[in-house]
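Residues per chain, in single letters:
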Amino acid sequence: MGRAFVYVILGGGVAAGYAALEFTRRGVSDGELCIISEEPVAPYERPALSKGFLLPEAPARLPSFHTCVGANDEKLTPKWYKDHGIELVLGTRVKSVDVRRKTLLSSTGETISYKFLIIATGARALKLEEFGVEGSDAENVCYLRDLADANRLATVIQSSSNGNAVVIGGGYIGMECAASLVINKINVTMVFPEAHCMARLFTPKIATLYEDYYRTKGVKFIKGTVLTSFEFDSNGKVTAVNLKDGNQLPADLVVVGIGIRPNTSLFEGQLTIEKGGIKVNSKMQSSDSSVYAIGDVATFPVKLFGEMRRLEHVDSARKSARHAVSSIMDPVKTGEFDYLPFFYSRVFAFSWQFYGDPTGEVVHFGDYEDGKSFGAYWVKKGHLVGSFLEGGTKEEYEIISKATKLKPAVTIDLEELEKEGLKFAETV
Ligand code: FDA
Ligand code: NAD
């Protein structure tokens, strides 16, 4: 027995929510669209989980952050899906997909068939076990990818007040969770293998500024090393973390953010995989013309840089979702996906945005002394390819975004560019 839909979205995260809204705007009929998600709740804005969700006072809770509130758009509650005739199959894992037959098999044993499939399975958090460290299923070791993880982390935070946390990883999860833990009055030590935090994006100068601020909040940094094992009490709770450099850190709570792997396994051997994601063209269409991929799981051509990229950020999930739906429902009028990569983060009172590609030579500008408003440009082969700004206004972020999209030639020398700072982007 099974059901048949015209459109099926596999996965119910950020990209799925934005795709659903786009489908309704383009006129999907009752019963044509189905979303299947392993999570028990309707699509929500995942970024809230490391920020508002972890606040000690008035934390964000669903339904307040269902998609698409993050883009100041409609909030899609379960009732919204019902009212729009969209079948929302929640708490249901898809076990296998037969691309040739255009069918999915769910964990409940149901076969669902489609005319068009959109893969929006996102990614999973990498586990310490994959790096040879055992014991990360202990109750006070927390990963953070979905709502269940966030609930668990919030509970462990509550029982660790004034205690010690070890944060493993100096990327986005590490930095955002460390800030949230400090706000919850927990002592934080961050451990990561690189020389500075956010090594994939920040320059040493940018990283130093944030790290110094974190230190004023009591955060300790142990860099250039990794953990090797945990110490446990008789109940199996972690009590300490052993590091490769020989240090041992007491821990009431451990947060692990050591990167992700896209959820592609259902499609290996059926669709082309590139750079760890499902390879799609500029219409977000995979190597099978009935199957599209969006969000963290998709490797797509970034026209601006003439390269295939897989991005792990909410803006690309939202925009690739809209583009895929547009490609499916209006193939003639839909052009190529012409995306400018955009990343952002908010920690404490800081808020930064980055546009483009952090490659080439770096020029820092602005006031790194008071640390309120500063930035950097990346210049490659004589062109501006990346822009970072902390503490900008809405207009200033628009200016750097527009300028970076144009990839303008930098005809002045780099010292001059440093002096010009934001003025350079303004005059592009
Ligand atoms: P997403 O992970 O959102 O959704 C995938 C969905 O597919 C999940 O619901 C999953 O359960 C489901 N699924 C997977 N396999 C399945 C199967 N076999 N059967 C059924 N369902 C299945 N980005 C940013 O730009 N700014 C930010 O501030 C943040 N902050 C942030 C905080 C935290 C805690 C995380 C974890 C991530 C961020 N991000 C972010 C990244 C951003 O959230 C991410 O890029 C998007 O969620 C990607 O959207 P997707 O829809 O691709 O995957
Ligand atoms: P990440 O890739 O940002 O950082 C991974 C970090 O893991 C690295 O910086 C490194 O310090 C560390 N690391 C790697 N191997 C390690 C090891 N063996 N031991 C200790 N540390 C190790 O990934 P993340 O921070 O885990 O974030 C997960 C996903 O969530 C990413 O896709 C990220 O883009 C997304 N996210 C984004 C935001 C945002 O955009 N503001 C916020 C939160 C999460």
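Note that the coordinates shown come from a computational prediction; the quantities given were computed from them, not determined experimentally.

Novice: I keep staring at the pairing of strand β27 (residues 374-380) and nothing clicks. Help me out?
Specialist: Both faces of the sheet carry side chains from a regular strand, because those side chains alternate between them. In terms of burial, β27 is a largely internal element, six of the seven residues being buried. As paired elements, strand β26 (residues 361-366) and β27 share six bridges and run antiparallel to each other. Within β27, the position partnered with Val-363 by the bridge is Tyr-377. Bridge count between β27 and strand β28 (residues 383-390): seven bridges; the pairing is antiparallel. Pairing of Val-379 across the sheet is with Leu-384, part of β28. Linking two consecutive strands that pair antiparallel, namely β27 and β28, is a turn of two residues; a positive phi of about 45° is found at Lys-381 within it.

Novice: Where do I start with the nonpolar core in this structure?
Specialist: Generally speaking, nonpolar side chains in soluble globular proteins are found buried as a group. Ranked by internal contacts, the top residues of the largest apolar core, which has 131 residues, are Val-97, Leu-117, Met-190, Phe-202, Leu-253, Phe-267 and Phe-388. Ranked by residue count, the leading element in this core is helix α1 (residues 14-25), at eight residues. With residues up to four places along the chain from it excluded, the contact list for Val-97 reads Leu-10, Thr-103, Leu-104, Tyr-114, Leu-117, Leu-266, Phe-267 and Gln-270. Ranked by size, the runner-up nonpolar core spans 19 residues in total, among them Ala-125, Val-166, Leu-227 and Val-238.

Novice: Mind showing me how you'd approach the site of ligand 2 here?
Specialist: Close to ligand 2 lie 21 residues; Ile-173, Glu-176, Glu-194, Glu-312 and Tyr-344 are nearest. Backbone polar atom of Gly-257 to an oxygen atom of ligand 2: 3.3 Å apart, as the coordinates give it. The contact in question runs from an oxygen atom of ligand 2 to an N or O atom on the backbone of Ile-258, over 3.4 Å. For ligand 2, the protein covers 85% of the area, taking 840 Å² as the surface of the free molecule. When residues of the shell around ligand 2 are traced back to their parent elements, those giving at least two are α4 (172-183) and β24 (342-347). Top element by residues in the shell around ligand 2 is α4. It accounts for three residues. The residue inventory of the shell around ligand 2, partitioned by class, reads 10 nonpolar, seven polar and four charged.

Novice: How do you make sense of the sheet that holds strand β23 (residues 307-310) when you look at a structure like this?
Specialist: What holds strands together in a sheet is hydrogen bonding between their backbones, with the strands either parallel or antiparallel. Strand order in the open sheet formed by four strands is β19-β20-β22-β23, and the pairing between neighbours is mixed. Strand pairing shows two members of the sheet lacking a second neighbour, β19 (273-274) and β23, which therefore form its edges.

Novice: Explanation requested: empty space enclosed by the protein in the structure shown.
Specialist: Over the atoms, a rolling probe the size of a water molecule traces out where space has been left empty. The tally for this structure, following the rule as stated, stands at one cavity of 30 Å³ or more. Put simply, the largest cavity is a space of about 60 Å³. Forming the boundary of the largest cavity are Met-175, Met-198, Phe-202, Tyr-210, Tyr-214, Ser-345, Val-347 and Trp-352. Listing elements by their share of the lining of the largest cavity, those giving two or more residues are α5 (204-216) and β24.

Novice: What am I meant to see in helix α6 (residues 314-329) here?
Specialist: The periodicity of an α-helix, 3.6 residues per turn, causes residues three or four positions apart to be oriented the same way. A rise of 1.5 Å per residue sets the reference length of α6, with its 16 residues, at 22 Å; its end C-alpha atoms lie 23 Å apart and thus fit the reference within 8%. With 13 of its 16 residues buried, α6 lies for the most part within the structure.

Novice: Please explain the sheet that holds strand β17 (residues 253-256) as it appears in this structure.
Specialist: Read across the open sheet, the five strands follow the order β10-β17-β11-β12-β13; overall the sheet is parallel. Two strands close off the open sheet at either side, each with one partner strand: β10 (141-142) and β13 (220-223). Alignment of strand β12 (residues 187-192) against β13, held across four bridges, turns out to be parallel. Bridge pairing in β13 places Met-190 opposite Phe-221. The sheet contacts of α4 involve β11 (164-168), β12 and β17, and relative to β12 the element is tilted by about 170°. Strands β12 and β13 of the sheet are contacted by α5, whose axis makes an angle of about 135° with β13.

Novice: When you look at the site of ligand 1 in this model, what are you seeing that I'm missing?
Specialist: Residues in close proximity to ligand 1 total 34 residues, the closest being Glu-39, Arg-46, Lys-51, Arg-145 and Asp-296. Within the side chain of Ser-37, one N or O atom sits 3.5 Å away from an oxygen atom of ligand 1. At a separation of 2.9 Å, an oxygen atom of ligand 1 approaches a polar backbone atom of Val-314. Protein burial of ligand 1: of its 1000 Å² of free accessible surface, 94% is covered by the chains. Elements represented by at least two residues in the shell around ligand 1 include exactly α1, α4 and α6.

Novice: Hey, could you run me through the layout of surface pockets in this one?
Specialist: For the second largest pocket, the calculated volume is near 750 Å³. Along the walls of the second largest pocket sit 30 residues, with Gly-70, Ala-71, Arg-318, Phe-342 and Tyr-344 positioned nearest its centre. Counting residues per element, the ones that place at least two in the lining of the second largest pocket are α6, β24, β25 (350-356) and α7 (394-406). When the residues that make up the lining of the second largest pocket are grouped by side-chain class, the tally is 14 nonpolar, eight polar and eight charged.

Novice: Hey, could you run me through the side chain of Gln-285 in this one?
Specialist: The residue Gln-285 is located in the loop between β20 (277-279) and β21 (291-293) in this model. A polar side-chain atom of Gln-285 sits 3.4 Å from a polar atom in the side chain of Tyr-292. Not counting residues up to four positions away in its chain, the partners in contact with Gln-285 are Lys-279, Val-280, Val-291 and Tyr-292.

Novice: Would you mind going over the pattern of salt bridges with me for this structure?
Specialist: Close approach of charged atoms lets side chains of opposite charge pair. Counting across every chain of the model gives 25 salt bridges. A salt bridge links Glu-176 to Lys-51, with the nearest nitrogen and oxygen atoms 2.9 Å apart. Residue Glu-176 is located in helix α4, and its partner Lys-51 is located in the loop between β3 (33-36) and α2 (78-83); the two are separated by 125 residues in the primary sequence. The buried category is assigned to Lys-51, whose relative accessible area is 16%. Put simply, Arg-310 and Glu-312 hold a salt bridge, and the shortest N to O gap is 2.7 Å.

What counts and how
Residues numbered from 1 in each chain as written. Chains lettered and ligands numbered in written order. Predicted model: local features only at pLDDT ≥ 70, side-chain atom pairs only at ≥ 80, totals over all residues. Heavy atoms only, no water. Buried < 20%, exposed > 50% of the residue type's maximum accessible area, 1.4 Å probe, protein only. Helix = DSSP H or I, 4+ residues; strand = E, 2+ residues; numbered from the N terminus. Pairing = 2+ DSSP bridges. Core = buried A, V, L, I, M, F, W, Y, C linked by side-chain atoms within 4.5 Å. Contact = heavy atoms within 4.5 Å. Near = heavy atom within 4 Å. Polar contact = N/O pair within 3.5 Å; in protein donor to acceptor, adjacent residues only side chain to side chain. Areas by Shrake-Rupley, 256 points an atom, 1.4 Å probe, with all protein chains shown as cover. Nonpolar A, V, L, I, M, F, W, Y, C, P; charged D, E, K, R; others polar. 1 Å grid on protein atoms, 1.4 Å probe; cavity = no way out; pocket = protein on both sides within 12 Å on 5 of 7 lines; lining within 4 Å. Points joined across faces, edges and corners; volume = space filled by probe spheres on them. Expected span 1.5 Å × (residues − 1). Axes fitted to C-alpha atoms, helices over the stretch in contact; angles between N-to-C directions. Salt bridge = Lys/Arg side-chain N within 4 Å of Asp/Glu carboxyl O.

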